[in-house]
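Architecture and fold: a report
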Amino acid sequence: MTGIEQTRQRAILDPRTAAERFRLDHEPAPADLTPFVDGYWILHWDLTEPHRQQVLTHPVVHLTFTTGGQAQITGIVSDTFTREISGTGRALGLRFRPGGFRPFLTAPVSTLTDRVLDIEEIFGPEARAAADAIITEPRVPTALHLAAALLRDFRPAPDPAIDNVARLVETISSDPAVLRVSQLAAIAHMSVRQLQRLFAEYVGIGPKWVIRRARMQEAAARAATEPQDWSALAAELGTPIKRTSPATSPHA
């Protein structure tokens, strides 16, 4: 499993139960879209009863096409995200790189935080027909091709700041020793204020949140494999950790 795959897995709370309820596949983005898009994810489910899944989201924007007609842009979710699925369906998503959605906006990515917008609100009314074709297309490879074509129609010029932002987010995710914004600012050769402005503009949320969320995901990943001393783990990761109780279980 690659580092990116491990990071994705950390987002899903109670992954063993999740694996029994749905299938989640990943596909790489086409080469020409990689300046903006990290990759695709495809969720399939066929359930006899509804399932609620809790997710510790990453600092990225998603464009999602879901059975039933929904085509939406989801900004960073600052709290735990819970989604309910039922019946039979599919969701196909484009996961943007940290900062990768900024060129599609006329405003900072922070304007999307904790918001879900219909595709027309960002890409215009002409995107609706393309979205419907993606949702109703039964063959996943063809649906992915259509999604890439939709994005290419609106693709702006690459922005070198995206690579810088993505590297900083990857540093946070891969180095458990990064616990404070001042540490990251030193790595970035920026002041704390400059770093905060950069993250608001491109990532959509502050570096303190990104650091805390990465450490929380580490804790969730450890808890999924073996019992933990939660106080010691919180001290090690430098963040308060609240153990999931049965009342807030990620499954129904």
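Reference entry: report on the structure contained in this document. (Residues numbered from 1 in each chain as written. Predicted model: local features only at pLDDT ≥ 70, side-chain atom pairs only at ≥ 80, totals over all residues. Heavy atoms only, no water.)

**Here we look at the overall build of the protein chain**
Here is the rule we go by: Where helices and strands are cited, they refer to DSSP runs of H or I of at least four residues and of E of at least two residues respectively, numbered from the N terminus. A simple rule labels every residue: compare its accessible area, found with a 1.4 Å probe on the protein chains alone, to the largest value its type can have, and call it buried under 20%, exposed over 50%, or partly exposed in between. Note on contacts: a residue pair qualifies if any of its non-hydrogen atoms lie within 4.5 Å across the two residues. Calculation of accessible area relied on Shrake-Rupley with a 1.4 Å probe; when residues are assessed, cover is drawn exclusively from the protein chains displayed.
The helix and strand inventory of the protein chain stands at ten helices and eight strands. Here the protein chain holds 252 residues, and the buried ones make up 45% of them. When contacts within the protein chain are restricted to residue pairs at least 6 apart in sequence, long-range pairs at least 24 apart make up 72% of them. Element-wise, carbon and sulfur atoms account for 53% of the exposed surface of the protein chain, whose accessible area totals about 12,500 Å².

**Comments concerning helix α4 (residues 127-136)**
The criterion, for reference: The arc under discussion is defined with respect to the helix axis, by the directions toward the C-beta atoms.
Within α4, burial applies to A127, A131, I134 and I135. Axial view of α4: buried residues confined to an arc of 95°, hence all on one face. Exposed and facing more than 90 degrees away from the buried side of α4 are A129 and T136. Residues of α4 that are buried make contact with β4 (62-66), β5 (70-74), β7 (88-96), α3 (120-123) and α5 (140-153).

**Observations regarding the packing of helix α6 (residues 160-174) against helix α7 (residues 181-188)**
For the record, the criterion: For helices, the fitted axis covers only the stretch in contact; all axes are lines through C-alpha atoms, and the angles between them, taken along N-to-C directions, range from 0 to 180 degrees. For classification purposes, angles smaller than 35 degrees are called roughly parallel, those larger than 145 roughly antiparallel, those between 65 and 115 roughly perpendicular, and all remaining angles oblique. Each crossing is labelled by how the near helix is turned from the far one, with a counterclockwise turn of less than a right angle marking it left-handed and a clockwise turn marking it right-handed. Each residue is assigned to one of three groups, with Ala, Val, Leu, Ile, Met, Phe, Trp, Tyr, Cys and Pro labelled nonpolar, Asp, Glu, Lys and Arg labelled charged, and all others, Gly among them, labelled polar.
In the contact formed by α6 and α7, the axes pass within 11 Å of each other and the chain directions differ by 135°. Taken together, the axes of α6 and α7 are oblique relative to one another. The two elements α6 and α7 meet at a crossing, and its hand is right-handed. In contact with L168, T171 and I172 of α6, α7 contributes L184, I187 and A188. Here the residues of the contact of α6 with α7 are counted per class, giving five nonpolar, one polar and no charged.

**Let's talk about the packing of aromatic side chains**
Rules: Working definition: a ring pair exists when centres of Phe, Tyr or Trp rings (six-membered ring for Trp) sit within 6.5 Å. Plane angles under 30 degrees give stacked, over 60 give edge-to-face, the rest tilted.
According to the stated counting rule, one finds seven aromatic pairs in the structure shown. Ring centres of F36 and F104 lie 5.6 Å apart, and the angle between their planes is 70°; on these two criteria the pair is classed as edge-to-face. With F36 in the loop between β1 (22-28) and β2 (37-46) and F104 in the loop between β7 and β8 (116-118), the pair connects residues that are 68 residues apart, well separated along the chain. Accessibility classification places F36 together with F104 in one group, the buried group. The structure contains a cluster of three or more aromatic residues connected by ring pairs, namely F36, F96, F101, F104, F123 and F154.

**Remarks on the pattern of salt bridges**
To keep it simple, the criterion reads: Here a salt bridge means any side-chain nitrogen of Lys or Arg lying within 4 Å of a carboxyl oxygen belonging to Asp or Glu.
As enumerated under the stated definition, the model contains nine salt bridges in all. Of the charged contacts in the structure, one is a salt bridge between D25 and R23, with a shortest N-O distance of 2.9 Å. Residue D25 is classed as partly exposed on the basis of its relative accessible area, which comes to 25%. Under the relative-accessibility criterion, R23 is labelled partly exposed at 46%. Put simply, R152 and D32 hold a salt bridge, and the shortest N to O gap is 2.7 Å. Of this pair, R152 sits in helix α5 while D32 sits in the loop between β1 and β2, placing them 120 residues apart in sequence. With a relative accessible area of 34%, R152 lands in the partly exposed category.

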